[in-house]
Amino acid sequence: MPDAESLLNLAQDQGAVGEFLRENRGDLVPAENEPGVFWLLMSPVGRPNDRFLARLVWTSYPQAPPSVRFHDRVGGTFAVPCAWPAISGYRIGTWDICKPFTAEGYALHPEWRQGPTAWPTVGNPFLWVASVLQNDLNLSTGRAG
Amino acid sequence: MADQNKPATAVKVTVVFPLGIKPFHAEVAPTAIVGTVLSEAMTFFGVKADGQTVYYLTHKGQRQAGDVKIGDLAGHAHAVEFNMAKELIQGA
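Structure report, in brief. (Residues numbered from 1 in each chain as written. Chains lettered and ligands numbered in written order. Predicted model: local features only at pLDDT ≥ 70, side-chain atom pairs only at ≥ 80, totals over all residues. Heavy atoms only, no water.)

Focus on the interface of chain B and chain A
Often, the extent of an interface is quoted as the loss of accessible area on bringing the components together.
Step number 1: On the chain A side, the residues contacting the 19 residues of chain B number 23 residues.
Step number 2: Summed over both partners, the interface of chain B with chain A buries about 1,700 Å², with 63% contributed by carbon and sulfur atoms.
Step number 3: In this structure, the connection of chain B to chain A is made through zero salt bridges.
Step number 4: Mapped onto the side of chain B that touches chain A, the elements with two or more residues apiece are strand S3 (53-59) and strand S5 (79-88) of chain B.
Step number 5: Ranked by residues supplied to the side of chain B that touches chain A, first place goes to S5 of chain B with four residues.
Step number 6: Across the side of chain B that touches chain A, the residue classes tally to seven nonpolar, eight polar and four charged. (Contact = heavy atoms within 4.5 Å. Buried area = accessible area lost by both parts, 1.4 Å probe. Salt bridge = Lys/Arg side-chain N within 4 Å of Asp/Glu carboxyl O. Helix = DSSP H or I, 4+ residues; strand = E, 2+ residues; numbered from the N terminus. Nonpolar A, V, L, I, M, F, W, Y, C, P; charged D, E, K, R; others polar.)

Following this line, the structure appears as structure tokens:
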């Protein structure tokens, strides 16, 4: 569970995230009784009826990246191919996003912690993660399964 | 960045970058292109593209090519807001 400072930082930044997602026909829903956990409802810009649900888990904000996985429904499972968008680096089977904006990606590639791929801690990293997910979705070719 | 002889219909440009402390603001001629605004915004935010990251501007969720004229996006509003995206060229 995130510490009190992380929760305060998240509370400060999540408003802009919700606004960004709603501008893109999505939404941000804090998980009930799970501090630091958020559900991001999103759809690609060219396919507004194609809905995806990402679960973000923050443990230390903004110091550490979140765990990011796509789920079939709120409270459901991530181990379903059709819940994931077809995007390079978004991996079925291992159920992770191997890119330098997720906890899973940095765990697989410690070298990303240095240089231009290092996790950013300035500005609004929560908003940045949401924007990366949205931009990736906009380029997706459909669902993974 | 503002042209000294900018026309009365200069366009107010705002670029929002999630990892920036504050937005980038400028006034440009309608004939200015997205690529120029992107370059100025990247300088403002202190970032550079490299082999692993690229930056681009989106407007209303759509990525904008560098040669698009600002005036074509602003229309009668004479103002346009962009989001600057940082794309990570990585993957499994």
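Brief notes about the side chain of Glu 104 of chain A
All names here are of chain A.
Step number 1: Turning to its location among the elements, Glu 104 is positioned in helix H2 (residues 103-108).
Step number 2: Separated by 3.2 Å, the side chain of Glu 104 and the backbone nitrogen of Val 68 make a polar contact.
Step number 3: Contact partners of Glu 104, with chain neighbours within four places excluded, come to Pro 66, Ser 67, Val 68, Arg 69, Asp 96 and Ile 97. (Polar contact = N/O pair within 3.5 Å; in protein donor to acceptor, adjacent residues only side chain to side chain.)

So, the pairing of strand S2 (residues 24-28) of chain B
All names here are of chain B.
Step number 1: Residues of S2 alternate between two faces, with Phe 24, Ala 26 and Val 28 buried on one and His 25 and Glu 27 left unburied on the opposite face.
Step number 2: Summarising the sheet, strand S1 (residues 11-16) and S2 pair through five bridges and their orientation is antiparallel. Bridge pairing links Lys 12 to Glu 27 in S2. (Buried < 20%, exposed > 50% of the residue type's maximum accessible area, 1.4 Å probe, protein only. Pairing = 2+ DSSP bridges.)

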